[in-house]
Amino acid sequence: INFTSNFDTNFILRLCISHEKFHPAVLIYIEIGLFDQALELALKHDLTSLAEFILNKYDEDKQVEGIKLEDANYNVKRKLWLKFAKYLIDKSDDLNETLHHHINNVSMLDLNDLLPLFPETISINNFKDEIVESLNEYNKRIVHLSLDMNNSSEHLREMKKKVIYNKKKTNVAIIEPGEPCRKCGKLLVQKNFVYFPNCHHAFHKECMKKNQCLLCNDFLNL
């Protein structure tokens, strides 16, 4: 749907709902960014496929906009999926199948998210397999995170070693234009010269007899 200023969006929306044209009504909600209202409308009229379309459309739109779902829109996405999961659980005759469906097909909802949605009369013993599967998945994530942390720590140590090595290896000195040799007074850069980094004195190499500053007796480590 491509809306222009020639149409009243709210009027079209009310018209669609009053005539039970829920699919175009949902498209209008999506177009104006009201995904929560779109999902409520679909679930109110038991339009499960349309509800799934809304959830998938939310993902597509936010990815197109270049926004990471785990950042600004993570909570919105999670709220939508929880609302959809609650609807399915309330309508389901087989909670085991519903739970299995969500754990395997909805990556952001796990067992901890879904269990509070179940009726109080449901025994947790009915979901032993799903609980074990969820715990195994947690263990895999922990192992993966531990490996990432170890790799990051090792990389950091290597970077520190390189920084320390480069600091020890590199001595940088800035010679001002026109700076003279402290012995003969002639322009320093005209001949090979030696610079003492500690005292900042510089001499022509031929003006020196040994690796020692002629002014302050500082030694140059070669």
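This section reports on the structure supplied with the text. (Residues numbered from 1 in each chain as written. Predicted model: local features only at pLDDT ≥ 70, side-chain atom pairs only at ≥ 80, totals over all residues. Heavy atoms only, no water.)

### Describing the packing of helix 2 (residues 22–31) against helix 3 (residues 35–44)
The criterion, for reference: To obtain an axis, a line is fitted to C-alpha atoms, over the contacting stretch when the element is a helix, and the angle between two such axes runs from 0 to 180 degrees between their N-to-C directions. Here a strand is any run of E in DSSP of at least two residues, a helix any run of H or I of at least four, and the numbering for each starts at the N terminus. To sort the angles, those under 35 degrees are grouped as roughly parallel, those over 145 as roughly antiparallel, those from 65 to 115 as roughly perpendicular, and the leftovers as oblique. Each helix crossing is assigned a hand: it is left-handed if the near helix lies turned anticlockwise from the far helix by less than a right angle, otherwise right-handed if that turn is clockwise. Only heavy atoms matter for contacts: two residues are in contact if any of them lie within 4.5 Å across the pair.
It is at 8 Å that the axes of helix 2 and helix 3 come closest, and there the two elements cross at 165°. Here helix 2 lies roughly antiparallel to helix 3, going by the angle between them. Note on packing geometry: the crossing formed by helix 2 with helix 3 is left-handed. Residue-level contacts link Phe 22, Ala 25, Val 26, Tyr 29 and Ile 30 of helix 2 to Phe 35, Gln 37, Ala 38 and Leu 41 of helix 3.

### Some thoughts on the nonpolar core
Stated precisely, the cut-off is as follows: Nonpolar cores are built from buried Ala, Val, Leu, Ile, Met, Phe, Trp, Tyr and Cys residues. Side-chain atoms within 4.5 Å join them into one set. Relative accessibility under 20% of the residue-type maximum defines a buried residue, over 50% an exposed one, and the middle range a partly exposed one, all with a 1.4 Å probe and only protein chains included.
Judged by nonpolar contacts, the single largest core of 32 residues is most densely connected at Val 26, Leu 39, Ile 54 and Phe 84. Secondary-structure elements contributing two or more residues to this core are helix 1 (9–18), helix 2, helix 3, helix 4 (48–64) and helix 5 (74–91). In terms of residue count, the dominant contributor to this core is helix 5 (eight residues). Setting aside chain neighbours within four positions, we find Leu 39 in contact with Ala 51, Ile 54, Leu 55, Leu 80, Lys 83 and Phe 84. Cys 199, Ala 202, Cys 207 and Met 208 belong to the second-largest nonpolar core, a separate cluster that totals 11 residues.

### Comments concerning the pattern of salt bridges
Short version of the rule: Whenever Lys or Arg places a side-chain nitrogen within 4 Å of a carboxyl oxygen from Asp or Glu, that contact is recorded as a salt bridge.
Tallied over the full model, the rule gives six salt bridges. When the shortest N-O distance is used, the salt bridge between Lys 83 and Glu 40 registers 3.0 Å. Residue Lys 83 is located in helix 5, and its partner Glu 40 is located in helix 3; the two are separated by 43 residues in the primary sequence. For Asp 90, the salt bridge goes to Lys 86, with nearest N and O atoms at 3.3 Å. With a gap of four residues between them, Asp 90 and Lys 86 both fall in helix 5, about one helical turn apart. The class of Asp 90 is partly exposed, set by a relative accessible area of 48%. Its relative accessible area of 35% is what places Lys 86 among the partly exposed residues. Within the structure, one salt-bridge network assembled from shared partners comprises Asp 36, Glu 40 and Lys 83.

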